[in-house]
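An overview of the molecular structure
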Amino acid sequence: MGQNLSLLTNSVNDVEKYRVALGRCPPDRFGQRGIMSDLDKAIKLHREALLLCPPGHSDRCMSLDDLANSLRDRFKQGGIMSDLDEAVELYREALLLCPPGYDSDRSMSLNNLANSLRDRFRQRGIMSELDEAIELHREALLLCLPGHSDRSMSLNDLATSLEDRFEQRGIMSDLDEAIELHREALLLYPLGHSDRSTSLNYLATGLRERFRQRGIMSELDEAIELHREALLFCLPGHSDRSTSLNDLATSLQDRFRQRGNMSDLDEAVELHREALLLCPPGHLNRSTSLNHLANSLRDRFEQRGIMSELDEAIELHREALLFCLPGHSDRPMFLKNLATSLQDRFRQRGIMSELYEAIELHREALLLCPPGHSDRSMSLNNLSNSLRDRFWQRGIMSDLDEAVELDREALLLCPLGHSDRSTFLNHLATSLRDRFWQRGVMSELDEAVELHREALLFCLPGHSDRPMSLNDLANSLRDRFKQGGIMSELDEAIELYRGALLLCSPGHSDRSMSLNNLANSLRDRFEQRGIMSELDEAVGLHREALLLCPPGHSDRPMFLNGLATSLQDGFEQRGIMSQLDEAIRLHQEALLLCPLGHSDRSMSLNNLAKSLRDRFRQRGNMSDLDEAVELHREALLLCPPGHLDRSTSLNDLATSLRDRSEQQGMISDLDEAIEHHREALLLCPLGHSDRSMSLNHLATSLQDRFRQRGVMSDLDEAVALRREALPLCLPGHSDRPMFLNDLATSLQDRFEQRGIMSELDEAIELHREALLLCPPGHSDRSMSLNNLANSLQNTFERRGIMSELDEAVELHREALLLCPHSRSDRCISLNNLANSLRDRFRQRGTMSELDEAIELHREALLLCPPSHSDRSMFLDNLATSLQDRFEQRGVSSDLDETFQLFLQLSQLSNAASRANLSAAKSWVSSAENLKHPSALLAYKTALKFLDQQIALLPSSSCHFDVIREAVSSFATDVSSSHHLDVVKEAISSLATDAFSCSVRHGALTTAVELVEQGRAVFWTQLARFSMPLDELSVSGDTGTALAEEFKRLSFRLRSAFNRSKDQSPQIWQLIMQWNDAVSRIRMLRGFSRFLLPPLFSDLQKAAEDGPVIILNASQYGCDALIIHSTENPVHIPLDTTQAEVSELSSELQSLAEKFGSSHYQLKLVGILRKLWNDIVDPVVRALRDLNIPRGSRIWWCPTAEFTLLPLHAAGPYEKKKHDLSHIYISSYTPTLATLIRARKQVSRDASSQNFVAIGQGKPVEGKELKCVATELAIVAEHLKPVVSSFTSLEDSSATVQGALEALNHSQWLHLACHGMPNRTQPFESSFTMRDGPLMIKDIIRTNWENPEFAFLSACHTTVGDEESPDESIHLAAAMQFCGFRSVIGSMWSVDDEVARQVVSAFYSNLIDNSGRLDCTRAAVALHKAVKSLRKKIPLEQQIVFVHIGI
């Protein structure tokens, strides 16, 4: 016993030694200085002390508690779960040593174990541990009866655990009980008690939480007063003063959010600053205090926008994180706070690295919150938010997908009853809404609505988050309304917004946002129902919201923009310019608040640009529109590839460019707009919520370009895009009326081109459906009325049903009533009504309707500024109506005004368009019909517009329809398709009518210039790409550089001929670059007329080697002009009409199909005699008068129907009388310029003469040509001895590619094969090769070097497009325009054997004693060859071959 007693006594002494040691290095010192080594040393000493207290030792319970307490402290610093787990086990063992009956120690042990279990619950989320903790606290409290010294502590401990359980399950009774426990605990700490301040703070914190649930402001006020009282007990120097300062500051921040009193927030910042001063470096609470101050500064930044405060907050967060080392239990929160502040700064300055850092910080925080951690759900949510931010910048869908999954996981961690469940429901719903806008999956938007509804159920009346939840649900309903158009959803959204606003009384920090949301939804409803009071209310709400965001508030730019947008809407309705001006000022102020780097700068730039665009539409000040374009450009630069707003920004810029193109006719603006719209569409893949709108934007620009250039592929693509867009805009969608109207308008345009009635019928049905969706009051009703009326007018024109015209008039009247004087589209509505009234006057003759139409046209013209692209149409419409009235009443002032209006066309400043050309043609028609002296100016103006329009077209066969329409003399926007019957009646072309007018005015040189300008425009444009540039290349460094640039662009354009549609955007871009290069060349001295239509002095050079005779057939008469190299043209009136020439031509074409019998030969002679008597003989007599010697060469330049007649074969065909071929040697040229180019093209390498003979007598398809092989042998026999190289391709070698490759190395060509003309698709006219057709469009793309001569021994090689003979789209012309200076072709079918004979005789005469080939001898050689065969071959075969060129 004694020995044992001695051992025990020694153990007690040893324990005392450890207590002394702990006194030298107390755990409390760690609490003051934060030196971990102090805590580690304390734990080591406690472990040694515990070893000295084996089971049964009287101090073991105390020693277990001491070690557990130290381990729990270390866990809080290092986050090592094993420390907490060990502490729990030590507390459990200690509790076992305090069985019931040891009341004084058991209550303490119960509380210790309960507190450690609560700590572990916060890490692992095991609810059973929190429930156990509460039961332990309850038992402890039962042992601390009233009067017990630890009762107050036990009350607070139980209350704290109940508060934790409330946060998990949301059971308000837990929170209510906690507050009552805190109140009771406070009563046990009378004034003066050292723990009263702590208890005051506990109660205040509980009340603050209940305020957040029920919104009872008195509880928040009470909490603040309790915190103030607590602070009074923590005088300077008190260890808890810093905590008390922070607690009071936090409650003041909460009250600021409710009442918006900045003094509360300012006081909070100062309290946090004071608290931080009390926590010097090393203090355990310094990191927490740094964090509190940083959060308050961030809040104040959001109100005042002082960036230095946000910068300071970030630095404070960074310092706090440094004190919160890996493993510290608060590190996840500190990582989150720093990340959130960096996200805020990113939104201001746009530095992407800060957003990336924020994401990484959130990821690290999440790793520190493993499954079960009480903060895991919040950490998941924070990472989701940052990923969503990055998605909005870069548009990477994986970021948004990850955000959704994170939000789903977070929600799973918040089961029913969890206090944060409503928050996480809302977050997941918001992410799903964002994804819906990208992929368009309606189920995700529906799910979002249901999630928001569930969230609202958890935010009962009084809950501090109820306003936010109401707003969130309203936002998703508003989104769904925009998709489905169900008005009840918009109505519900508005009621929810109103409910949210009622809960955000004046002073509440969210009141401004709530005002803004309600205002936006009212504006949406106004657009549907047109109730002005709702728009007025929206403006008022926006104004109130703005007042709550004083200068410096981070949300001020958004609210400035919101008010500005509503004012713009009001302006559109009432036309009060002051509203638009105010909107612009507000947008400008908003932009100033979004400096470079601010995340909202691009949006603010776009908003200001849109408002300036609106003002331009009212005042016509181009500087506004130019500024808008530049603002949109800057905005686009801030949305690099991947940025979520890039597609919107691309579309905004494109829209402004489209407007500018409409005003100034700058086709480059429209082309750029189309490219931007195409890029935007690529960013909206299938399922994207903006895809339908993006499809529609692109379609609109393409339709505009069609109206400018008339390229049908643009209109076809527009229709296809609109058809794709419409199904994406389901019935009920708020944009469906617009999409219906747009598709209908495109179909209507296409009907006007192709005349397919089913498309017009479909357009009308679409317009009717759209109108039903725009009831009275709808903002788009006037547009919809106009569109339907226009379609009905078109139907009336086709079917003549007067009721349709009457309905159109009434619809136009209603539409005009909805367009007050201030509306930018009033001029369109005026014009439409005027046109319909004029149409009805023409049916019923009611003069009052014509008078009204004229007044309406006058008003429309006044609203259309001089530079507007539609001005020519308005001038034309008014002039036409005045002409109608003149024809009725004969008042000369109407006629004078008509031509004064037309004269304005010659002074238009905008670039030419189809509308300009159509108006000029209308002027031509009126001047001719009324014999007005302005007719010649009208033709000049029209041909100027024609040249400008054609210059903007890529030289492609798919654009030939545009040329057909442009060169016709119709004053209409409708193409030849449904007026084909009229075209086939051979109505004169614009150029030939201009020639006739010039001749009638005695302006012969002008006649030559105009007919040259308006014919063969396709070839003329193509020839521009091969323009010799020798003079430019030697004009200086600038000229040399421009020459190289021009050659490069021209080569690329020619090579791109008829390429796939996929390349069309690049081709349009090349055209723009080419035109720009041409403009810069014209700025050089001596090149001002570069590629402009040539003057007569230039064209006269065509006659250097002999006279050129232009034969012109016009509806106004037929004439010949003889062009001489040194004298003025000589005019020969022809005693025939265009109809007679057309009839003669048709008779010959019919006869040519039946050649082969003597009966048809007699008919041919009759035609040739008539041709001689009416046309050729008068010219020959004039040539003789001009002393043109017999045997001289002459060149025929026929126009219109003359192009199909064998002028070279005309003659009396009588004995003792000479035919033309006995008098002169005839050649042909399509235009004078073509002949001039041929004379200029001298081979640079005169020493080499490479000849290729290609023969295909055995095509896979088609009749065999038996004499081809013999023909090629004859050619070889004649040519091999005299040329540098001779290549022969026959049968299997004569393929398309083989022929093209051989031609690349040869200057001389003989081609013997089938010729296949295509008179409806002339570019598909072809030579038949072994593997298929060698078509004109293949020939055009070649780039042959110095071609000289081509003998086309094939049928029909001079037969071209039947609708546009003046365009000379035939095989022979293709060879000539591709560089061959001299070409022999055929006018109809060639007999195989005859061809062999002619070829043999031709080459015998071509080769002379010089031993060299000369293409200028080809005409004479052909003349001699035919002469030698006259008695051997039939007449039609004698005259089938013609010579073209020099």
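Everything that follows concerns the structure shown earlier in this document.
This section reports on the structure supplied with the text. (Residues numbered from 1 in each chain as written. Predicted model: local features only at pLDDT ≥ 70, side-chain atom pairs only at ≥ 80, totals over all residues. Heavy atoms only, no water.)

**Structural notes on the overall build of the protein chain**
Regarding its fold elements, the protein chain presents 63 helices and 14 strands. Relative to its length of 1446 residues, the protein chain is extended, with a C-alpha radius of gyration of 46 Å against a globular reference of 35 Å. Sequence-distant contacts, at least 24 apart, represent 69% of the contacts inside the protein chain between residues at least 6 apart. Put simply, the protein chain shows about 55900 Å² of open surface, and 52% of that area lies on carbon and sulfur atoms. Distance between charge centroids for the protein chain: 5 Å, based on 156 positive and 205 negative side chains. (Helix = DSSP H or I, 4+ residues; strand = E, 2+ residues; numbered from the N terminus. Rg over C-alpha atoms; globule rule 2.2 N^0.38 Å. Contact = heavy atoms within 4.5 Å. Areas by Shrake-Rupley, 256 points an atom, 1.4 Å probe, with all protein chains shown as cover. Lys, Arg positive; Asp, Glu negative; His and termini not counted. Charge placed at Lys NZ, Arg CZ, Asp CG, Glu CD.)

**Topic: the pairing of strand β3 (residues 1130-1133)**
Pairing of strand β2 (residues 1117-1123) with β3, which is carried by four bridges, proceeds in the antiparallel orientation. Bridge pairing links Ile-1122 to Val-1130 in β3. (Pairing = 2+ DSSP bridges.)

**Let's talk about the environment of Gln-1376**
With respect to the element layout, Gln-1376 can be found in helix α60 (residues 1371-1377). Note on Gln-1376: relative accessible area 5%, which makes it buried. It is 26 Å that separates the C-alpha atoms of Gln-1376 and Val-1179, two residues lying 197 residues apart in sequence. With residues near it in sequence (within four places) discarded, Gln-1376 still touches Pro-1230, Thr-1234, Val-1383, Ile-1444 and Gly-1445. (Buried < 20%, exposed > 50% of the residue type's maximum accessible area, 1.4 Å probe, protein only.)

**Side note on the packing of helix α57 (residues 1268-1279) against helix α61 (residues 1392-1406)**
Following both chains from N to C, one finds α57 and α61 inclined at 5 degrees, their axes separated by 9 Å at the closest point. In terms of axis orientation, α57 runs roughly parallel to α61. Contacts between α57 and α61 involve Val-1268, Thr-1270, Glu-1271, Ile-1274, Val-1275, His-1278 and Leu-1279 from the former and Asp-1392, Ala-1395, Arg-1396, Val-1399, Ser-1400, Tyr-1403 and Ser-1404 from the latter. Its residues assigned to classes, the contact of α57 with α61 comprises seven nonpolar, four polar and three charged. (Axes fitted to C-alpha atoms, helices over the stretch in contact; angles between N-to-C directions. Parallel < 35°, antiparallel > 145°, perpendicular 65-115°, else oblique. Nonpolar A, V, L, I, M, F, W, Y, C, P; charged D, E, K, R; others polar.)

**Notes on helix α53 (residues 1138-1152)**
With 15 residues, α53 should reach 21 Å at 1.5 Å per residue; the first-to-last C-alpha distance of 21 Å fits that figure. Considered for burial, the residues of α53 that qualify are Gln-1138, Val-1141, Ser-1142, Leu-1144, Ser-1145, Leu-1148, Leu-1151 and Ala-1152. (Expected span 1.5 Å × (residues − 1).)

**Brief notes about the sheet that holds strand β10 (residues 1326-1329)**
Taken in spatial order, the three strands line up as β9-β10-β11 in an open sheet, and their pairing is antiparallel. Each having just a single partner strand, β9 (1315-1316) and β11 (1332-1335) make up the two edges of the open sheet. Bridging between β9 and β10 involves two bridges; their strand directions are antiparallel. Looking at the pairing, Gly-1315 lines up with Phe-1327 of β10. Helix-sheet contacts for helix α58 (residues 1296-1303) involve β10 and β11, and the interaxial angle to β11 is about 35 degrees.

**Notes on the nonpolar core**
Core analysis: the biggest nonpolar cluster contains 183 residues, and Trp-1019, Phe-1327 and Phe-1402 have the highest contact counts within it. For this core, the leading source of residues is helix α54 (residues 1158-1185), giving 12 residues. When near neighbours in sequence (up to four residues on either side) are disregarded, Trp-1019 contacts Ile-1336, Ile-1340, Glu-1367, Ser-1368, Ile-1369, Ala-1373, Ala-1374 and Phe-1377. Leu-861, Trp-923, Tyr-939 and Leu-946 belong to the second largest nonpolar core, which has 49 residues in total. (Core = buried A, V, L, I, M, F, W, Y, C linked by side-chain atoms within 4.5 Å.)

**Some words on the pattern of salt bridges**
Counted according to the given criterion, the structure contains 115 salt bridges. We note a salt bridge from Arg-363 to Glu-402, for which the minimum N-O separation is 2.8 Å. Of this pair, Arg-363 sits in helix α17 (residues 352-367) while Glu-402 sits in helix α19 (residues 397-412); the two residues are 39 residues apart in sequence, bridging distant segments of the chain. The class of Arg-363 is partly exposed, set by a relative accessible area of 27%. (Salt bridge = Lys/Arg side-chain N within 4 Å of Asp/Glu carboxyl O.)

**A word on the packing of helix α20 (residues 421-439) against helix α21 (residues 442-457)**
At their nearest, the axes of α20 and α21 sit 8 Å apart, and the two run at 160 degrees to each other. In terms of orientation, α20 lies roughly antiparallel with respect to α21. Crossing hand, α20 versus α21: left-handed. Side by side, α20 and α21 meet where Arg-421, Ser-422, Leu-425, Asn-426, Leu-428, Ala-429, Thr-430, Leu-432, Arg-433, Arg-435 and Phe-436 of the first sit next to Met-442, Glu-444, Leu-445, Glu-447, Ala-448, Leu-451, His-452, Glu-454 and Ala-455 of the second. Residue composition of the contact of α20 with α21, grouped by class: 10 nonpolar, four polar and six charged. (Left-handed = near helix turned anticlockwise from the far one by under 90°.)

**Observations regarding the state of the cysteines**
Evaluated as defined, the whole model comprises zero disulfides. Left unpaired, Cys-729 is separated from the closest cysteine sulfur, that of Cys-774, by 12 Å. Judged by its relative accessible area of 1%, Cys-729 is buried. (Disulfide = S-S within 2.5 Å.)

**Examining the environment of Asp-1414**
With respect to the helices and strands, the residue Asp-1414 is situated in the loop between α61 and α62 (1418-1428). Among the residues examined, Asp-1414 registers a relative accessible area of 28% and is labelled partly exposed. Along the sequence, Asp-1414 and Phe-1349 sit 65 residues apart, while their C-alpha atoms lie 8.8 Å from each other. If near-sequence neighbours (up to four positions away) are discounted, Asp-1414 is found in contact with Trp-1308 and Leu-1406. Within the local environment of Asp-1414, its side chain forms a polar contact with the side chain of Thr-1416, the two groups lying 2.8 Å apart. (Polar contact = N/O pair within 3.5 Å; in protein donor to acceptor, adjacent residues only side chain to side chain.)

**Quick word on the pairing of strand β5 (residues 1225-1228)**
Neither face of β5 is open: one carries Ile-1225 and Ser-1227, the other Ser-1226 and Tyr-1228, and all of them are buried. Here strand β4 (residues 1193-1198) pairs with β5 via four bridges, running parallel. Within β5, the residue paired with Ile-1194 across the bridge is Ser-1226.

**What to know about the packing of aromatic side chains**
Following the criterion strictly, the structure yields 15 aromatic pairs and no others. With centroids separated by 5.6 Å and ring planes inclined at 15 degrees, the aromatic side chains of Phe-1251 and Phe-1286 adopt a geometry described as stacked. Here Phe-1286 lies in strand β7 (residues 1285-1290) and Phe-1251 lies in strand β6 (residues 1250-1255), a separation of 35 residues in the sequence. Residue Phe-1251 is classed as buried on the basis of its relative accessible area, which comes to 0%. Taking the ring centre of Trp-1195 as reference, the NZ or CZ of Arg-1239 above it sits at 4.9 Å. (Phe/Tyr/Trp six-rings, centres within 6.5 Å; stacked < 30°, edge-to-face > 60°. Lys NZ or Arg CZ within 6 Å of the ring centre and 35° of its normal.)

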